[in-house]
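Residue-level structural notes
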Amino acid sequence: MRRFTAKGAALVRTLMNISRFPAARSSPQALPENKQEEIRNTVGELEKKLEDIVRRSPPGWRKQVAEKLHELNSRRDRLAATHLIDALKQSHALRREIVDWLDKVREDHR
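Everything numeric in this text was worked out from a predicted model, so none of it was measured.

1. Notes on the overall build of the chain
Counting its secondary structure elements, the chain contains 4 helices and 2 strands. For the chain, the residues scored as buried account for 15% of the 110 residues in total. Summarising the internal contacts of the chain: among those between residues at least 6 apart in sequence, 38% fall at separations of at least 24.

Take a look at the structure:
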């Protein structure tokens, strides 16, 4: 990564993809034309390298990452919802129909 940043471009890896951008601190249009051309060439090199990396990646890795991320988000949401449902059940403990409904909501989202 460092070699590309030194050339004026950078790759950023997120959970779902890899993005590229000029590493200049100002707008690319504010740079001299020769620097803009150098950045365009560097970005072209990065795109070729990125295509090669993606081609060599194991099949289905993006799908696996997306599925794991979805599972993690679902667990987090269930945990957060459980605390909220418990608080609502306490505040409506005398209304059995509300408590039953909240229990049903919890079961539907497991």
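2. Describing the pattern of salt bridges
Overall, the coordinates contain 14 salt bridges when judged by the stated rule. Linking glutamate 38 and lysine 35 is a salt bridge whose minimum nitrogen-to-oxygen distance equals 3.6 Å. A residue pair is termed a helical-turn pair when its members lie 3 or 4 positions apart in one helix, as glutamate 38 and lysine 35 do in helix 2 (residues 33–56) at 3 residues. A single salt-bridge network, built from bridges that share partners, covers Glu51, Asp52, Arg55 and Arg56.

3. A closer look at the environment of glutamate 37
Note on placement: glutamate 37 falls in helix 2. One polar contact links glutamate 37 to arginine 40, side chain to side chain, over a distance of 3.0 Å.

4. Regarding the packing of helix 3 (residues 61–91) against helix 4 (residues 96–108)
Interaxial distance between helix 3 and helix 4 falls to 10 Å at its minimum, and their mutual angle equals 170°. As far as their axial angle goes, helix 4 and helix 3 are roughly antiparallel. Facing Thr82, Ile85, Asp86, Leu88 and Lys89 of helix 3, the residues of helix 4 in contact are Val99, Leu102, Asp103, Val105 and Arg106. Residues that form the contact of helix 3 with helix 4 fall into these classes: 5 nonpolar, 1 polar and 4 charged.

5. A closer look at the side chain of arginine 106
Along the chain, arginine 106 falls in helix 4. A polar side-chain atom of arginine 106 sits 2.2 Å from a polar atom in the side chain of aspartate 86. Residues within four places of arginine 106 in sequence aside, it is in contact with Thr82, Ile85, Asp86 and Lys89.

6. Things to note about the environment of glutamate 33
Structurally, glutamate 33 can be placed in helix 2. In this structure glutamate 33 comes out as exposed when scored by relative accessible area, which is 52%. One polar contact links glutamate 33 to arginine 40, side chain to side chain, over a distance of 2.9 Å.

Parameters at a glance
Residues numbered from 1 in each chain as written. Predicted model: local features only at pLDDT ≥ 70, side-chain atom pairs only at ≥ 80, totals over all residues. Heavy atoms only, no water. Helix = DSSP H or I, 4+ residues; strand = E, 2+ residues; numbered from the N terminus. Buried < 20%, exposed > 50% of the residue type's maximum accessible area, 1.4 Å probe, protein only. Contact = heavy atoms within 4.5 Å. Salt bridge = Lys/Arg side-chain N within 4 Å of Asp/Glu carboxyl O. Polar contact = N/O pair within 3.5 Å; in protein donor to acceptor, adjacent residues only side chain to side chain. Axes fitted to C-alpha atoms, helices over the stretch in contact; angles between N-to-C directions. Parallel < 35°, antiparallel > 145°, perpendicular 65-115°, else oblique. Nonpolar A, V, L, I, M, F, W, Y, C, P; charged D, E, K, R; others polar.

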